[in-house]
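Structural description and commentary
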Number of protein chains: 2
Amino acid sequence: MSTKSIGVALVGCGTVGGATAKIIVDNTAKIAARSGVELQLLHIVDRSYARADELGITEGARTSDLAVVCADPNVDVVLELVGGLTTAKSIIEQALRAGKHVVTANKALLAHHGAELLALAADNGVCIGFEASCGGGIPIIRALYDGLAANHIDAIYGIVNGTCNYILTEMIHNGADYPTALAQAQKAGLAEADPTLDVSGVDSAHKIAIMASLAFGVNIEFASIPVSGIDSLDLKDVLYAARLGYSVKLLAIADRRDNGVMLRVRPAFIAKEHPLAWVSGPFNAVSVYGNTTGHTMYYGRGAGGMPTGSAVVADIISLALGSIPAVYRSSPALRGGAKEVAVIPVSELESRYYLRIMVADSPGALADITGIFGRYGISIASVHQDEPTDSDNGGSTAPVPVVVVLHTAKEQDVLAARDNINALESTAEVSSVIAMQRYRYIAR
Amino acid sequence: MSTKSIGVALVGCGTVGGATAKIIVDNTAKIAARSGVELQLLHIVDRSYARADELGITEGARTSDLAVVCADPNVDVVLELVGGLTTAKSIIEQALRAGKHVVTANKALLAHHGAELLALAADNGVCIGFEASCGGGIPIIRALYDGLAANHIDAIYGIVNGTCNYILTEMIHNGADYPTALAQAQKAGLAEADPTLDVSGVDSAHKIAIMASLAFGVNIEFASIPVSGIDSLDLKDVLYAARLGYSVKLLAIADRRDNGVMLRVRPAFIAKEHPLAWVSGPFNAVSVYGNTTGHTMYYGRGAGGMPTGSAVVADIISLALGSIPAVYRSSPALRGGAKEVAVIPVSELESRYYLRIMVADSPGALADITGIFGRYGISIASVHQDEPTDSDNGGSTAPVPVVVVLHTAKEQDVLAARDNINALESTAEVSSVIAMQRYRYIAR
């Protein structure tokens, strides 16, 4: 039986880098016994070693000079765990040109420049492992290129941002409004001081771009993905969702169609029967629909040092064993050679929709509204209007909330109907329009 | 970019074999485009070709002579999809000795003779792919040897029998009793005419033996696994579970302890907060607890031709690319060379327990029972007794059901207490003792 040894240089010893170093140090003997791979942490490259000191990591020569690392013939793989776009890209390019494999957790960089970097790796006879870029400790990238390799993958629906899911769970379970839930997430260390990248949906868009490229074997222009976040979500809609049998989740969607790929990130109503509706707190899950397996789902911690470090180390092991190189060698997408694909414009998209409309409690108001939907050829599935309560500002003619659920309709028609309703002379204003997710096939 | 071609011989063209042939035929071009592997179905070996005819499969020379297949130098991999122990073992041995890789879905055979067959494969420089043996279309075997390779795996909790989970779901959601739910499963084609292997828990035991061997890197004596099934489950207990906030599931458990491995299959109460409680109908899910990822879960269809065929074809692709050989080369467990491990005897196991006790509605009866638990040092967490109803056979002194939930206790003490209660002079009889599952760490 053979044992493989692999020399590792870690660039960036922060949360994920520090955890990765800790896993390498703590689990080396166990990994060697089980997988036959001996991990050798040869260099740690950073400007500060506070985190390494904190973890008591003494392995690895400390340096700030990447050139030293790239010149060391014992280094087989460089871990880029710096994050960001510019410096990280330059680190990866230097390492690849020096003939080193790269492992990275950098979803922003891969979403923007993945194909270019994978092609550069292939040109230099090396690979980029990026299991850590999506879903933290969940081995979803491997599921897409390996475990589900027999499938024509039709669709991916992902809850891939733990910060957002934690906030939504606080809203759903504890009735917190968005600002309160966000503050709670920040207090729990689950949201940054500036949470924009997470709550705006952009982080989720990075991840769905990476997963869709791999699953569908295509290149995706990141800027073409329509993205909306949870930052304008009203607690009222989250509570109505629960009453109607749904959970509101920030969903990253990739759906293969005959005329291209439908990609988007948006809050959506998920029927409580679907497993994605169950995913709570900071956990992530990715549902994959394939033409032979049907629905499979992958669940786990989507962020944090140790789970993400687990994915980084899994890639190092697969590089040492040669399984990543074996798979990459024959895959156009993993060599950066997949073709550009058309992202279907939002105007063509269809869905079921939930609308909350503030309607004047006066004769004819509801008839005006339903008339507008009728003119756009949109069928109404259900209408819910409660008795007005004191909290609806009292007064018999004060507007009351009416919840309208639509059958499948084109988004652009729904939005046009919304604008028409808002322009009505009778007081009526559409407060929210939220998609109700349908799945490619099979309910669960 | 390289394209790899692989010659396949299919032995056994039944449900899984037929579906595998169909996937190969239907998805060949898509698989070649995405993974760079060209699948060539060269032989179909069976005594009947009814299923192949039904699927319109014209590929592959039809033969009943395995020797012809083994002598064909273009055959790289033999698929054993016959099932059973004797013939299947002989087919696999012949193929391995002829230097052919093998892919199999045969969990019974691997649970009993896995190490021996993997060693024979290694001796002949080939591999056995067995993704299809556990969890159907869920790539759980790969998660254990590849995706979670950075982890020291602590525990696995699996719902790995779709027949049982379908029956339990019928009981939970529709209030069907066991015989009715079983009949329903048979009608839906989800249970065999003789369902013993499924409902007795033996099929689940096969799967947990395979997963535990791989996850812990050990050899397990199959006969040492304590197994109980769902065939004696009373609907009353399923309904009490729901009232207490639990779902009853047939759970296959592997838990690594300092003094060995705890393995067992049994019905258990799963708290509704744990994702395993959500798994409904014929779906399967496997929770894996690793020391770096924490909890991850893998969900999908655990049986059926197409999902299982998906796993078979994934293994063929990985054999063609060389990623399975790369991983197997360095893994003691995948070369059949892992060491025997002690399975911890049932007498040493601890758990929380639920008991339903029929107690005479007479003074002192409950005191007698609680006194017995006290004598065994077992703490009672809660006691629930409803007002007697007509359905409890009426009469003021007729026995009434009392539900007792125990704190963690040794199983042997709980069973001894049960025997003592049953021997009481006051009328009291323990109708059910069901474990309440706790997890290795973290609630979700």
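Residues numbered from 1 in each chain as written. Chains lettered and ligands numbered in written order. Predicted model: local features only at pLDDT ≥ 70, side-chain atom pairs only at ≥ 80, totals over all residues. Heavy atoms only, no water.

Residues and elements named next belong to chain A. Taking strand neighbours across the sheet as the criterion, the six strands line up as β3-β2-β1-β4-β5-β6 in an open arrangement whose pairing is parallel. One side of each edge strand has no neighbouring strand; the edge strands of this open sheet are β3 (61–63) and β6 (128–129). Relative to β6, strand β5 (residues 101–104) runs parallel, the two sharing two bridges. By the bridge assignment, Val102 is partnered in β6 with Ile128. (Pairing = 2+ DSSP bridges. Helix = DSSP H or I, 4+ residues; strand = E, 2+ residues; numbered from the N terminus.)

Taken together, the contact between chain B and chain A spans 60 residues of the former and 60 residues of the latter. Counting the surface lost from both chain B and chain A, the interface buries some 5300 Å², and carbon and sulfur atoms represent 55% of this. Interface area lost by chain B to chain A is led by B:Arg34, B:Trp278 and B:Tyr299, which between them contribute 15%. Linking chain B with chain A are two salt bridges. Sorting the residues of the side of chain B that touches chain A by element identifies α1 (15–35), α6 (140–147), α10 (202–216), β12 (294–301), α12 (305–321) and α13 (323–329) of chain B as the ones contributing at least two each. Sort the elements by how many residues they give to the side of chain B that touches chain A and α12(B) lands first, with eight residues. (Contact = heavy atoms within 4.5 Å. Buried area = accessible area lost by both parts, 1.4 Å probe. Salt bridge = Lys/Arg side-chain N within 4 Å of Asp/Glu carboxyl O.)

This paragraph deals with the environment of B:Gly302. Residue and element names in this part refer to chain B. Mapped onto the secondary structure, Gly302 falls in the loop between β12 and α12. Judged by relative accessible area, which is 10%, Gly302 ranks as buried. Note: C-alpha distance between Gly302 and Phe283 (19 residues apart in sequence) is 6.0 Å. Those residues in contact with Gly302 that sit more than four places away from it in its chain are Gly135, Gly136, Pro282 and Asn284. (Buried < 20%, exposed > 50% of the residue type's maximum accessible area, 1.4 Å probe, protein only.)

Our next topic: the packing of aromatic side chains. All names here are of chain A. Applying the stated rule across the entire model yields 18 aromatic pairs over all chains. On the basis of an interplanar angle of 90° and a centroid distance of 5.4 Å, the ring pair of Tyr157 and Tyr289 is categorised as edge-to-face. Here Tyr289 lies in strand β11 (residues 283–290) and Tyr157 lies in strand β7 (residues 153–159), a separation of 132 residues in the sequence. For the residue pair Tyr157 and Tyr289, the accessibility class agrees, reading buried in each case. With a centroid separation of 5.6 Å and an interplanar angle of 45°, the aromatic rings of Tyr246 and Phe269 are classed as tilted. In this pair, Tyr246 is assigned in strand β9 (residues 246–257) and Phe269 in strand β10 (residues 260–271), connecting sequence segments 23 residues apart. Taking the relative accessible area as the measure of exposure, Tyr246 reaches 16% and is therefore buried. Given a relative accessible area of 0%, Phe269 falls into the buried group. (Phe/Tyr/Trp six-rings, centres within 6.5 Å; stacked < 30°, edge-to-face > 60°.)

Okay, the pairing of β11(A) next. All names here are of chain A. Burial within β11 is extensive, with eight of its eight residues counted as buried. Side-chain alternation along β11 places Phe283, Ala285, Ser287 and Tyr289 on one buried face and Asn284, Val286, Val288 and Gly290 on a second face that is also buried. Taken together, the six bridges between β7 and β11 define a ladder with antiparallel strand orientation. Paired with Tyr157 across the two strands is Ser287, which belongs to β11. Pairing geometry for β11 and strand β12 (residues 294–301), over eight bridges, is antiparallel. By the bridge assignment for β12, Asn284 is matched with Gly300. Following β11, the chain reverses through three residues before pairing antiparallel with β12.

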